[in-house]
Each structure stands twice: as structure tokens, then as C-alpha cells.
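Examination of the molecular architecture
Chain residues, written in single-letter form:
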Amino acid sequence: MQNRPVVLFLIFSIPLLLAGTCRQPPPAPPDAGLYHTNDEIIDELRRLQSQFPDIAHVTELGESLEGRKIMAIKISGSPGTEEEEPEVIFVGGHHAREWISVDVPFLLAKRLLKNYATDAATRSLVDGGSIWIIPLLNPDGHQYSVDSNRLWRKNRRNNGDGTFGVDLNRNYSFQWGGPGSSGDTFSETYRGPQAFSEPETRILRDLVAAHNFQAIISYHSYSQLVLFPWGYTRSPAPDAVLLQQLATSIADSIFSIHRQRYTPEQSSDLYVASGDATDWLYGNARVPSFTIELRPGSSSPGFILPESEIQPTFEENLPAALFLIKWTQTLGQTTITM
Ligand SMILES: [Zn+2]
């Protein structure tokens with residue numbers, strides 16, 4: 001009996017001894033699972049550049065409000081030099097919670113690079129122009145969505161009144177301040193104190209000013225739509241017929257893969273919105289501009305698209321992106337008057 005305290009001590013020591021010998025790694029920082037965070041996008045883009053140095057060039061376009069790098073990858077036959085050639089741009093991640101809108105353009109970059117050596121059609125598109133891809137324009141909001149509030153939408157501007165965030169897709173200068181945007185800092189569609197008040201939208205503005213883009217796709221989620229200008233008014237755009245034709249071709253390409261219907265329509269048919277990226281690009285430079293609202297089609301699961309749908313969403317959007325790239329390199333030269 002007198003040994004009992006020793007026995008008990010040994011028994012109760014076992015978990016402590018085990019804990020001491022099998023050290024657990026510190027808990028991993030929150031991540032987005034199979035979806036990519038900004039840190040992961042930066043690493044992956046750099047890896048792609050080192051894997052495909054002849055056709056990929058990664059650029060730090062600038063920094064977000066909180067100092068995160070906003071990256072672009074340029075894919076081209078000669079990515080380090082500026083040439084007179086058709087340029088097209090794909091942008092994701094304006095809205096923080098729309099994680100799929102980041103992974104689709106990222107996977108597009110990866111696929112173009114990986115297929116270049118073996119697929120003649122890909123090689124022809126890459127050699128025939130410059131393809132710019134910005135997977136994540138709003139890294140601060142996205143990280144906040146990963147860490148703290150999955151349904152965060154805006155960037156992380158401290159508005160100085162206890163509220164945070166500007167809706168980047170209401171902060172562009174064309175028709176800034178119009179209907180479908182809010183002057184209320186608390187609002188999910190707060191447009192900011194002035195057009196281009198946010199570093200993230202200025203980054204896209206400055207990139208566009210330095211190039212001659214002939215088409216853009218801005219990825220969002222959700223609803224399965226292919227939207228074209230105008231967003232600020234229900235009136236048709238001057239090139240409404242062409243825009244409708246292109247949007248229909250994009251939607252048909254998407255449908256051909258997994259039979260998912262994305263509806264082509266004028267942006268304001270969904271709801272009126274002023275100061276968005278596509279109205280700005282089309283309004284300022286008459287560039288055919290499309291917002292693709294990715295999967296899912298409805299509010300269930302809404303923004304929380306299961307990881308298992310990343311790949312099929314990318315797969316169905318691939319031929320649509322390729323179609324638009326090809327259009328800028330062929331038909332685009334002859335059918336649009338600027
Ligand atoms: Zn969005």
C-alpha cells in the first residue's frame with residue numbers, strides 16, 4: 001500500500017511523458033483549404049515563372065492597403081518584352097468571399113503554361129498575344145474572409161467611423177457615385193470617398209493605362225451569369241449586339257463542358273450597379289468587358305462553394321477564356337470599331 005502514491009504518479013505521468021516525446025506541431029494558421037490564399041498564390045505564381053521562364057513573367061503590381069502584394073502573371077511568347085500584340089486580361093477576387101473567383105483565373109494561368117509544350121491551340125494563343133492574369137485583386141479582404149469573417153465582401157479600409165471596407169467593384173471612375181452604389185460607409189456596396197480612392201482599384205487602373213487590352217473578364221460569384229455593360233443603366237450599350245453575341249458564345253462554351261447554364265445578359269438586368277470594373281473599361285476604352293458570375297447558381301450554397309467544385313468550375317470556364325483570347329487575336333481585329 002505504501003507504494004501506491006508512486007504508482008499513481010507514474011500512471012498520471014504517462015500522458016505528460018507522451019506529450020513530451022511526441023511534440024505536436026504548432027497549429028497551422030487558418031487557411032482556405034484547397035482554395036488559394038494570397039500567400040499561396042504568390043508562391044505558386046513564382047513557381048510557375050521558374051518552371052516556364054520563356055513564357056511566364058510574374059509582376060508585383062503594387063500593394064494593398066494593408067501591404068499585401070498584388071500579383072499578376074503575364075503569359076506570352078516573349079513575356080519580358082512589350083510588343084504590339086493583342087492583350088487580354090483576367091481578374092479575380094474583387095470581392096473577398098468569392099473564393100472561386102480567385103482559383104479560376106489562377107488555374108487558367110497554370111493550364112496555359114502546362115499545355116503550351118504539348119497543345120498546338122494553346123501555343124498559338126500564347127504566341128499570338130499577351131495574356132495577363134491577376135488572380136486576387138483584394139488580398140486584404142480575402143485574408144479577412146479566411147481568418148475572421150467568411151462572408152466579408154469589401155476591402156479592409158478603416159472608414160474612421162467604426163466601419164471597415166470599400167466595395168472595390170463600385171470604386172471605378174466611370175459613372176462613379178451613380179445608382180446601385182452607396183455613400184453609406186456601413187453598406188456592403190460603399191463606393192468609397194471618391195473614385196479610385198483605393199490602392200487596389202488604382203492598381204488595375206494603372207495597368208490598363210499602360211497597356212492596350214482588347215477584352216477583360218472579371219470573375220465573381222455566384223449566380224452563373226455572363227454579364228456585359230452597362231451596369232449603371234438599363235439602357236443598352238453602343239455595342240450591345242456585339243457584347244450580347246460574345247456573352248452568348250462564352251456561355252455556350254461553358255455549357256459545352258458540364259452542361260451548366262450560365263445566362264448571358266446585360267449587367268443591369270441582374271441589378272443596377274455603378275462604378276464597377278467592366279463599365280469602366282468599356283466606358284473609357286470601349287473594351288469588350290465581361291463579368292462572369294461563377295458557380296453556384298443559387299444562394300445554397302451561395303458563396304460557400306464546396307472544394308469539390310473548384311475543378312469543374314475551372315474546367316467549364318477554360319474554353320470560354322480561350323474563346324475570348326482567340327477573339328482578340330482574330331475576329332477582334334475586324335469586327336469592333338473603336
Ligand atoms: Zn463579386
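Here is a short report on the structure shown in this document.

Calculation rules
Along every chain, residues carry numbers that run from 1 in the direction the sequence is written. Thresholds applied to this predicted model are a pLDDT of at least 70 for local features of residues and 80 or more for the giving and counting of side-chain atom pairs; totals over whole chains, interfaces and linings are not thresholded and use all residues. In computing side-chain properties, one takes all heavy atoms of the structure into account and sets aside hydrogens as well as water. Relative accessibility decides the category of a residue: with a 1.4 Å probe and only protein chains considered, values under 20% of the type maximum give buried, values over 50% give exposed, and everything between is partly exposed. A run of DSSP states H or I qualifies as a helix once it reaches four residues; a run of E qualifies as a strand once it reaches two. Both are numbered from the N-terminal end. In this scheme, strands are said to pair when DSSP sees at least two bridges between them. A clockwise course of the path from the first strand over the helix to the second, judged with the strands pointing away from the viewer, identifies a crossover as right-handed. Points on a 1 Å grid, built from protein atoms alone, make a cavity when a 1.4 Å probe fits but cannot get out and make a pocket when they are open with protein on both sides within 12 Å along at least 5 of 7 lines; residues with an atom within 4 Å of a point are the lining residues. Grid points are joined across faces, edges and corners, and a volume is the space filled by probe spheres set on the points. By the convention adopted, Pro, Cys, Tyr, Trp, Phe, Met, Ile, Leu, Val and Ala count as nonpolar, Lys, Arg, Asp and Glu as charged, and the other residues, Gly among them, as polar. Here a donor is any nitrogen, oxygen or sulfur atom (N, O, S) within 2.8 Å of the metal, with 3.2 Å used for Na, K and Ca; water is not among the atoms considered, so some sites may look incomplete. In these descriptions, tetrahedral denotes four donors with every angle between 85 and 135 degrees, square planar four donors and octahedral six donors with opposite donors over 155 degrees apart and the rest between 65 and 115, and irregular any other case. Here the axes come from fitting lines to C-alpha atoms, over the contacting stretch only for helices, and the angles between their N-to-C directions go from 0 to 180 degrees. Any two residues whose heavy atoms approach within 4.5 Å at even a single point are treated as in contact.

1. Focus: the pairing of strand 6 (residues 225-228)
Side chains Leu 225 and Leu 227 project from strand 6 onto one buried face, and the interleaved Val 226 and Phe 228 project onto a second face that is buried too. For strand 6 and strand 7 (residues 263-266), the ladder comprises four bridges, and the chain directions are parallel. Bridge pairing in strand 7 links Phe 228 to Gln 266. In terms of handedness, the path from strand 6 via helix 7 (residues 240-258) over to strand 7 forms a crossover that is right-handed.

2. Digging into the layout of surface pockets
Counted as a void, the largest pocket has a volume near 290 Å³. Lining of the largest pocket is provided by 19 residues; of these, Arg 153, Ser 221, Leu 270, Tyr 271 and Glu 293 occupy positions nearest its centre. Contributions of two or more residues to the lining of the largest pocket are made by strand 5 (213-221), helix 8 (267-270) and strand 8 (289-294). A breakdown of the residues in the lining of the largest pocket according to their chemical character gives six nonpolar, seven polar and six charged. Taken as a whole, the second largest pocket spans an internal volume of roughly 180 Å³. For the second largest pocket, the full set of lining residues is Ala 121, Thr 122, Ser 124, Leu 125, Leu 322, Phe 323, Lys 326, Gln 329 and Thr 330. Here the lining of the second largest pocket is built from residues that sort into four nonpolar, four polar and one charged.

3. Details of the coordination of the zinc ion
When a metal holds four donors in a tetrahedron, each ideal angle between them is 109.5 degrees; when it holds six in an octahedron, the ideal angles are 90 or 180 degrees. Listed as protein donors to the zinc ion are His 95 (ND1), Glu 98 (OE), Glu 98 (OE) and His 220 (ND1); their distances from the metal cover 2.1 to 2.4 Å. Geometry at the zinc ion is irregular, judged from the four donor atoms that bind it and their angles of 57 to 150 degrees at the metal. Summarised as a motif, the one-chain spacing of the donors to the zinc ion is H-x2-E-x121-H. With a gap of 125 residues between them, His 95 in the loop between strand 3 (87-91) and helix 3 (100-115) and His 220 in strand 5 connect regions that are remote in the sequence. Judged by relative accessible area, which is 4%, His 95 ranks as buried.

4. What about the sheet that holds strand 5?
Here eight strands make up an open sheet; going across it, the order is 1-2-4-3-5-8-6-7 and the pairing mixed. At either margin of the open sheet sits one strand with a lone partner, and together these are strand 1 (56-63) and strand 7. On average, each strand axis in the sheet is tilted by 20 degrees relative to the strand beside it, whichever way the strands run. Across six bridges, strand 5 lies against strand 8 in parallel orientation. By the bridge assignment, Tyr 219 is partnered in strand 8 with Ile 292. Here helix 6 (residues 199-209) sits on the sheet in contact with strand 1, strand 2 (69-76), strand 3, strand 4 (130-134) and strand 5, set at roughly 135 degrees to strand 1. Contacting strand 6, strand 7 and strand 8, helix 7 runs over the sheet at an angle of about 160 degrees to strand 6.

5. Structural notes on unusual backbone geometry
With omega at 0 degrees, the peptide bond leading from Pro 229 into Trp 230 counts as cis. Relative to the helices and strands, Trp 230 resides in the loop between strand 6 and helix 7. For the bond running from Arg 295 to Pro 296, omega is -5 degrees, close enough to zero to count as cis. Inspection of the secondary structure assignment puts Pro 296 in the loop between strand 8 and helix 10 (310-329). A positive phi angle, close to 55 degrees, is found at Phe 196, a residue other than glycine. Within the secondary structure layout, Phe 196 lies in the loop between helix 5 (139-147) and helix 6.

By themselves these figures say nothing about function.
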